[in-house]
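Okay, here's what each chain looks like letter by letter:
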Amino acid sequence: MSTRGASALVLLGCIGLYFWPVLALGQSFFFDDFTRCWLPMAQQGAKALWSGELPLWNPHVYFGLPYLANPANHALYLPRLLLGPEPSAYGLSLYTVAHVAVAGLLMAGFVSSLTRSRIAGLVSGLTYALSGPVLTNTFNLPFLQSLTWLPLCLWMHHLAFSRGPWFSVAAGGALFLMLLGGDPQLVLITAGLLAAHTAYAGRPPDQGQTGWRGSARAGGRLALVAAVAGGLSACVLLPAMELVPWSERAQALDEALALKWSFHPARLLTLVVPYFWGVPAPDGTWWGDAVCPDGRFWFFNVYVGFLALALAPLALRAGPNQRISRVVLGSVLGLCVLSFGGAVPGVGKVLTGLPVLDRFRYPEKLWTPIAFGLAFLAGVGFDRLLHADSPALRRWLRTTGLVALLLAVLATAIEPWAATEAGRSLTVEAAESAAAHITEAALVLLLLGLGLGGAWFLLGRSEHHRRLALGVCVAALAVDLLFSQRHLLWVTDPAPLDEPPALATALLASGLDPSTYRVHRDLLLDPVGDPSGLDGLVAYQRFQQDTLKPNYGTEAGIQFVGGFSNGIWAWAKALQYALHGPHVGWIMDATATRFLLVSSEHPDRFLNAELDRGELRLVLADKDRSLFMFERPAAPGRVFCVSALATCAGDTLDACVRPGLDARRTALVHPQEQLMAGVLQREAQAVSPLPALPSPATCALTGASDDSVRASVDAAGPTFLVLSDPFYPGWQAFID
């Protein structure tokens, strides 16, 4: 077997060993957005694509949202077709593991191509695929799909300078795949990396050509990448450009939202001790509120391996890849500083002041390209180690081993302090568990130090012993990552994830007909069951399955509406996502909701007293009486008729809502809205009911698909038909 095949098998073997519960035991990912968002999104998109249609509209969330126009939905990401027309939780889990494997292989191929060393590529591939940011994104598919193709993009761009422009075309195709994958922020960062590589590390095909000719040729390669990626991406960019003016991303985000989940510099400790501050989930041992007041991380772990950090500086030593290593290191340091966000005075102002990037949130997400950069530097550094003479190699082994032993001693010494601090905010058991994570890291560092000491002892006896010493380093890196990252693998039996939910079944069995109505749910994100183990998280996830899955809601004829937070906040926030400004969408949500799913026997606190909601009737309660469903019989449904209009004075809720306004009988319109057929045109400066039209009417929903609604109207005179879906430019109305 060739060295290429052997290194690929080792890499795939390590990834397969990590995901053994998925590959061999048939278990499925389940945490957070994996089943709450991306599984139903995949099911809706697959249903449309396999039936030969474009998934233009998602009617199941927030009273309807554009599907194709939102890049995060990865509507046209072609590898998703491999899931088939009816994706399952387990199928999506295999698809996720495949992306991790492809990311590792592409990273290994990139570094192998640069260094001409398969083992250096193996080091990079292992570090990237088993890094904390990559593994955390197993339940955030858009980010995982995009980061998978990042190594390929830079690889092809680098080859374009020595092998011709066709590799620029390939780089543009990879950048296009990244955009289809669903993470525009990573695409922009990658474009910056390409530009930096072109300016500093790129070389024209004729190495003797310098000056403006060489610069022009290098710029031409970059322009070709941009042209290919931009041309192919038109199918996504054009709908997204239509969406942006109607979304909260039309302008810079609110600073508090943009800087939420900033990476506190104190968390750099987790590059050596992965869970120094505990684990927010599933065992609830998080005690680092001082460094992350939001109570959890975007990335639960940014660990890339102690040896990878030790190898990275070696990439800067003189050699054929020194220039590109400097570009990558500079990018890593710059992104690391920006990831501090609001945690460091001044950095947040810089981040929110950068054009385009001020539309993105959560600075911690910048650790995805940082992990890529560290993995690249680790592989190139290992290649320099391969070519080092024996004295230099012995010095590195001795120094790194001693540092590992010293860190092990320091971690052991600090463990009692950490246990005391954790005990201030956690139970005794959780505090002991949090301290145990530090002891565990100290043990890993101790074993790494001893392993490197053994390699140092072997070195110098013969060339065979030299290769054996280097093999020990690779094995130590793999074992460290596999052991330390095991806390990020959260899987469960996929059967409950694919079963019809008890809520929908109970609704239908109760004799109610929810086919034309909507459900608003209030989800409390507090764990249920036993918060100290997986059982509680599994119970929480099953609770999600019973209440949240839009595709199941569709099967039961129910529309699920709302965000990931509670009550009125979710309604108010829904307005911005609903693309209708902060007024009409909220009132439609409040008006058309037939069933209210809340966590209290007293739902009045979820309602706005200024709007007439009518009576509420308890329909269902779970056995623990922690979840309640109320029915509002007076809710008009998805389509209804009104005979009066009122105009809003502005774009705020206060400018639209007044006591006594009945949104079931009076429709709100924007003062600049042009009404068809000359029935009514008015621009108002204050809310004022307009004259009622003379005839009551009846409206009924007669049919609906993901992107169309059919209704019948019986009216003796002029009547306004109201559709509770948000306004969006793509909607067109027809009268037969």
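Everything in this summary refers to the structure shown in the same document. (Residues numbered from 1 in each chain as written. Predicted model: local features only at pLDDT ≥ 70, side-chain atom pairs only at ≥ 80, totals over all residues. Heavy atoms only, no water.)

### Here's the deal with helix α12 (residues 234-243)
Among all positions in α12, only Val236, Pro239, Ala240 and Leu243 are buried. Considered in projection along α12, the buried side chains sweep an arc of 105° and stay on one side of the axis. Pointing more than 90 degrees away from the buried face of α12 are the exposed residues Leu238 and Met241. As for α12, its buried residues are in contact with β3 (65-66) and α9 (166-181). (Buried < 20%, exposed > 50% of the residue type's maximum accessible area, 1.4 Å probe, protein only. Helix = DSSP H or I, 4+ residues; strand = E, 2+ residues; numbered from the N terminus. Arc of directions from axis to C-beta. Contact = heavy atoms within 4.5 Å.)

### What to know about a nonpolar patch on the surface
Taken together, the side chains of Leu443, Leu446, Leu447 and Leu450 make up a nonpolar region of the molecular surface, amounting to roughly 370 Å² of accessible area. Along the chain, the position of Leu446 falls in helix α19 (residues 428-458). (Patch = residues over 30% accessible without salt bridge, like charges linked within 9 Å, V, L, I, M, F, W, Y side chains within 5 Å. Areas by Shrake-Rupley, 256 points an atom, 1.4 Å probe, with all protein chains shown as cover. Salt bridge = Lys/Arg side-chain N within 4 Å of Asp/Glu carboxyl O.)

### Let's talk about the pattern of salt bridges
Applying the stated criterion to the full structure yields four salt bridges. For Glu364, the salt bridge is made with Arg267, and the minimal N-O distance between the two is 3.0 Å. One end of the pair, Glu364, is in the loop between α16 (347-353) and α17 (367-386); the other, Arg267, is in the loop between α13 (255-258) and α14 (306-311), with 97 residues separating them in the sequence. Residues Glu364 and Arg267 agree in their burial class; the two are buried. A salt bridge links Asp383 to Arg384; its shortest N-O distance comes to 3.9 Å. The same class applies to Asp383 and to Arg384, which are both buried.

### What to know about the pairing of strand β15 (residues 720-723)
Burial of β15 is one-sided: the residues Phe720 and Val722 facing one way are buried, the residues Leu721 and Leu723 facing the other way are not. As defined by bridge partners, strand β10 (residues 639-642) adjoins β15 across four bridges and the pair is classed as antiparallel. Residue pairing across strands places Val642 opposite Phe720, the latter belonging to β15. (Pairing = 2+ DSSP bridges.)

### Things to note about the environment of Ser124
Secondary-structure assignment places Ser124 in helix α5 (residues 118-129). The contact partners of Ser124, leaving out residues within four places of it in the chain, are Met107, Val111, Ala375, Phe376, Ala378 and Gly379.

### Observations regarding the nonpolar core
The tendency in soluble globular proteins is for nonpolar side chains to be buried side by side. In terms of nonpolar packing, the biggest core is built from 156 residues, with Phe19, Tyr128, Phe376 and Trp396 touching the most fellow members. For this core, the element with the highest residue contribution is helix α4 (residues 89-115), accounting for 13 residues. Those residues in contact with Phe376, other than ones at most four positions away along the chain, are Met107, Phe110, Val111, Leu114, Ser124, Ile324, Ser325 and Val328. Of all hydrophobic cores here, the second largest spans six residues; its members include Phe640, Leu645, Ala667 and Phe720. (Core = buried A, V, L, I, M, F, W, Y, C linked by side-chain atoms within 4.5 Å.)

### Some remarks on unusual backbone geometry
Despite not being glycine, His74 has its phi angle at roughly 40°, a positive value. Tracing the backbone shows His74 in the loop between β3 and α4. Relative accessible area serves as the criterion here: at 2%, His74 is assigned to the buried category. For Trp261, which is not glycine, the phi dihedral falls at a positive 60°. Note on placement: Trp261 falls in the loop between α13 and α14.

### Some points on the environment of Leu377
Among the secondary structure elements, Leu377 is positioned in helix α17. Aside from chain neighbours lying at most four places away, what touches Leu377 is Leu311, Ala312, Ala315, Ser325, Val328 and Leu329.

### As for the packing of helix α8 (residues 150-163) against α9
It is the contact of α8 with α9, at a shortest axis distance of 7 Å, that shows an interaxial angle of 165°. The angle between the axes of α8 and α9 places the two elements in the roughly antiparallel class. You can see that α8 and α9 cross each other, and the crossing is left-handed. Packed against α8, whose contacting residues are Leu150, Leu152, Cys153, Met156, His157, Leu159, Ala160 and Arg163, the element α9 presents Phe167, Ser168, Ala170, Ala171, Ala174, Leu175 and Met178 at the interface. Considered class by class, the residues forming the contact of α8 with α9 number twelve nonpolar, two polar and one charged. (Axes fitted to C-alpha atoms, helices over the stretch in contact; angles between N-to-C directions. Parallel < 35°, antiparallel > 145°, perpendicular 65-115°, else oblique. Left-handed = near helix turned anticlockwise from the far one by under 90°. Nonpolar A, V, L, I, M, F, W, Y, C, P; charged D, E, K, R; others polar.)

### Quick word on the packing of aromatic side chains
With the rule as written, the count across this model stands at 14 aromatic pairs. Where Trp277 meets Trp287, the ring centres are 4.9 Å apart and the plane angle is 50°; that geometry is what we call tilted. Residue Trp277 is found in the loop between α13 and α14, and its partner Trp287 is found in the loop between α13 and α14; the two are separated by ten residues along the sequence. Side by side, Trp277 and Trp287 carry an identical accessibility label, which is buried. An aromatic cluster of at least three residues, connected via ring pairs, comprises Tyr18, Phe19, Phe29 and Phe34. (Phe/Tyr/Trp six-rings, centres within 6.5 Å; stacked < 30°, edge-to-face > 60°.)

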